[in-house]
Every structure is written in structure tokens, then in C-alpha cells.
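# A look at the structure
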Amino acid sequence: MATYTHGHHETVLRSHSSRTIANSAEYLRPHLTAGARLLDVGAGPGSITVDFAGVVGHVTATEIDANALSLSRDLAASKGLTNLDFCVEDVHSLSFADDSFDIVHAHQVLQHVGDPVQALREMRRVTTPGGIVAVRDADYAGFIWFPVLPELDRWLDLYRRAARANGGEPDAGRRLLAWARAAGFDDVTATTSNWTYATPEDRAWWGGMWADRILESALARQLVDSDMATSADLQAISDAWKRWADDGDGWYLVPHGEIIARA
């Protein structure tokens, strides 16, 4: 089993809690119906999960352990939502019966699992015939930014090395179609979408989040403990994120691959 590279530090949740259907699952919206049963694999802090609960009939949220699952459970409770349940699950071997869900969704999950093809097989197994498996993942090798800062090149190299050391695939977005076909899907629609950070507000949020995250998250501990980087290296990267955020011409693109796969 792969190790989750990001961890659940506040600097990570700051980013993940901003995700919604509108900015992270718009490709799936046309398929969301009032009576649908939806499985949300790797729900994280639950911001997309609770959005789904406002649209479909019922949502089942999963995470790899109880502590991670409590984040989405607590958010749902704070909003008074009752059409959700929560399960600790390993996506490689789901406990649900065949044909249990109309839609199975995973956002930024397959890049962190040890066997994404097996994960997709399991997602397909628990989806009703004719139902949908919907997956979206970033592709780190495709990240583009301006101005060019060597410390951010270093950050990207370190992140990709750490993710692979943990058993994941940081360039997952471009592989989703191939993985789905290897998992046995014949009807797959592959699309792309981006997050773009170019306004002063967006730069302050994205750059500030990563300036903190490279110093304080599980990734930071892994890089130092494994001797991939020193604390001074990480401080230099953090300072570069702040310089990027303060640059009036700063621009950042995060590409994502998406698939809608029919079971």
C-alpha cells in the first residue's frame, strides 16, 4: 500500500477544503441526478462530498482510516446533512457488494495508491451496470508557472521524488485513460481541466499555502528525514513561493486529467 504523501496538516487541509463540484468535479455535474447513490472514495475534508449530498440522493464517503474520515463526517454534521454515511475502506479491496452505486467518484486519489488499475477494477465492480466511475487527478509534470524560479523547479522535483518513494504516481492525470482501459472499461471519455492562479488574491492563497506547506506538512518531514533536502533547502523554497505570490506578473497552471468511465 502506498503512503499518503501530503498528510493532513492544516496547510494541506487549507487547500483541500477549498474544493467543490464547481472547481473540481464540473465534468461530472451532468451525470449527477437526484436519486443517484454515489460513493466518494478518498473524501478528505469532505468539501466536495457535502456538495454531492446537496445534489444526489445518497452519498457514502470513504477514507483510509478513521481519523481521516472524521474530517468529512464532522463537516457533514456541521451542515445538518443526513443523506450520507461513512466507511473506512481500502480502494484496492472495497467491502461493498457488486453493483452498489450509480456513481463512484475519486478526486486526487489514484495518484496516491499503490495499484491504480486494481483500484479502478474495484470501483467498477461496485458500480451498477451502465453507471459511472468518475476520476480526476493532477499531473505534476505538467505544472507551469511564471516567473521562472529555480527553487520552484527544485520543489517540483522533490515532490515527484517523494511521491514515488511513497509508492504513488504524481503524473497520474495523463495516465487515467490507460489505467481505465487496463481495468476493463471499454466506454471511457477522457477530458482535462485546470486550476489557474493569476490574480493577486489567488497568488496570495496558493503561494502562501505552499510556502507554509513545504515547511510544516508530512512532505516536509519526509524530505528532511530521507535526506532528500535540508531544512535550509525547504526554507529557500518557501521564500521562493512568497516571491512568486508577490510578483504582479505571477501565473500558475495546475493541469488535471479526468475520465468518465461507464461500467
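Note that the structure is a prediction, hence the values are computed from the model and not measured.

How each quantity is defined
Residues numbered from 1 in each chain as written. Predicted model: local features only at pLDDT ≥ 70, side-chain atom pairs only at ≥ 80, totals over all residues. Heavy atoms only, no water. Helix = DSSP H or I, 4+ residues; strand = E, 2+ residues; numbered from the N terminus. Buried < 20%, exposed > 50% of the residue type's maximum accessible area, 1.4 Å probe, protein only. Contact = heavy atoms within 4.5 Å. Areas by Shrake-Rupley, 256 points an atom, 1.4 Å probe, with all protein chains shown as cover. Lys, Arg positive; Asp, Glu negative; His and termini not counted. Charge placed at Lys NZ, Arg CZ, Asp CG, Glu CD. Phe/Tyr/Trp six-rings, centres within 6.5 Å; stacked < 30°, edge-to-face > 60°. Lys NZ or Arg CZ within 6 Å of the ring centre and 35° of its normal. Pairing = 2+ DSSP bridges. Core = buried A, V, L, I, M, F, W, Y, C linked by side-chain atoms within 4.5 Å. Axes fitted to C-alpha atoms, helices over the stretch in contact; angles between N-to-C directions. Parallel < 35°, antiparallel > 145°, perpendicular 65-115°, else oblique. Left-handed = near helix turned anticlockwise from the far one by under 90°. Nonpolar A, V, L, I, M, F, W, Y, C, P; charged D, E, K, R; others polar. Salt bridge = Lys/Arg side-chain N within 4 Å of Asp/Glu carboxyl O. Patch = residues over 30% accessible without salt bridge, like charges linked within 9 Å, V, L, I, M, F, W, Y side chains within 5 Å.

### With respect to the overall build of the protein
- Within the protein one finds ten helices and eight strands.
- For the protein, the C-alpha atoms occupy an extent of roughly 50 × 40 × 30 Å along the three principal directions.
- For the protein, the residues scored as buried account for 54% of the 263 residues in total.
- Here the analysis covers contacts within the protein between residues at least 6 apart in sequence; of these, 76% occur between residues at least 24 apart.
- Looking at the protein as shown, the accessible area adds up to about 10800 Å², and 51% of this sits on carbon and sulfur atoms.
- Between the centroid of the 23 positive side chains of the protein and the centroid of its 36 negative side chains there is a distance of 2 Å.

### Looking at the packing of aromatic side chains
- Summed over all chains, the structure comprises 17 aromatic pairs.
- Ring geometry for W241 against Y252: centres 5.5 Å apart, planes inclined by 35°, an arrangement best described as tilted. Taken together, the positions of W241 in helix α10 (residues 231-246) and Y252 in strand β8 (residues 251-262) put the pair eleven residues apart, joining distant regions of the chain. An identical accessibility class is assigned to W241 and Y252; each is buried.
- Aromatic ring contacts, followed pair by pair, group Y140, F143, W145, W155, Y159, Y197, W205, W206, W210, W241, W244 and Y252 into a single cluster.
- Its end group placed over the ring of F185, R124 keeps NZ or CZ at 5.5 Å from the ring centre.
- One residue, R213, lies across the ring of W210, its end atom 4.1 Å from the ring centre.

### Brief notes about the pairing of strand β1 (residues 37-41)
- Of all five residues that make up β1, four are buried, and the element is covered over most of its length.
- Inspection of the sheet shows β1 paired to strand β2 (residues 58-63) by four bridges, in the parallel sense. The partner of L38 across the bridge, within β2, is V59.
- Inspection of the sheet shows β1 paired to strand β4 (residues 101-107) by four bridges, in the parallel sense. Its bridge partner being in β4, D40 is matched across the sheet by H105.

### Thoughts on the nonpolar core
- With 32 residues, the main nonpolar core has W155, W206, L223, W241, W244 and Y252 as its most contacted residues.
- Apart from the residues lying within four places of it in its own chain, the contact partners of W241 are L152, W155, W206, G207, W210, A211 and Y252.
- V91, L110, A172 and F185 belong to the second-largest nonpolar core, a separate cluster that totals 27 residues.

### Regarding the environment of V56
- Locating V56 in the fold gives a position in the loop between α3 (47-53) and β2.
- When its relative accessible area of 5% is taken as the criterion, V56 is described as buried.
- The sequence separation of V56 and T33 amounts to 23 residues, and the corresponding C-alpha distance is 5.4 Å.

### Some words on the packing of helix α6 (residues 150-165) against α10
- Where α6 meets α10, the axes come as close as 8 Å, and the angle between the chain directions of the two elements is 120°. One finds that α6 runs oblique with respect to α10. Here the hand of the crossing between α6 and α10 comes out left-handed. In this structure, α6 uses E151, L152, R154, W155 and L158 to contact α10, whose residues at the interface are D233, L234, A236, I237, A240, W241, R243 and W244.
- The class makeup of the residues in the contact of α6 with α10 is nine nonpolar, no polar and four charged.

### As for the pattern of salt bridges
- Counted according to the given criterion, the structure contains 16 salt bridges.
- R174 is the partner of D139 in a salt bridge, and the nearest nitrogen-oxygen pair spans 2.7 Å. Here R174 lies in the loop between α6 and α7 (176-182) and D139 lies in the loop between β5 (127-138) and β6 (144-146), a separation of 35 residues in the sequence.
- Salt bridges sharing partners connect three or more residues here, namely R160, R164, E169, D171 and R175.

### Considerations on a nonpolar patch on the surface
- Taken together, the side chains of I144, F146, V148 and W251 present a nonpolar region at the surface, about 390 Å² in accessible area.
- As for its placement among the helices and strands, V148 is situated in the loop between β6 and α6.
- Among the residues examined, V148 registers a relative accessible area of 60% and is labelled exposed.

### Section: unusual backbone geometry
- With an omega dihedral of 0°, the bond running from F146 to P147 counts as a cis peptide bond.
- Relative to the helices and strands, P147 resides in the loop between β6 and α6.
- The phi angle at D99 is positive, at roughly 60°, despite the residue not being glycine.
- Assessed through its relative accessible area of 39%, D99 is described here as partly exposed.
- The backbone of Q108 sits at a positive phi, close to 60°, despite the residue not being glycine.
- For Q108, the location among the structural elements is in the loop between β4 and α5 (116-125).

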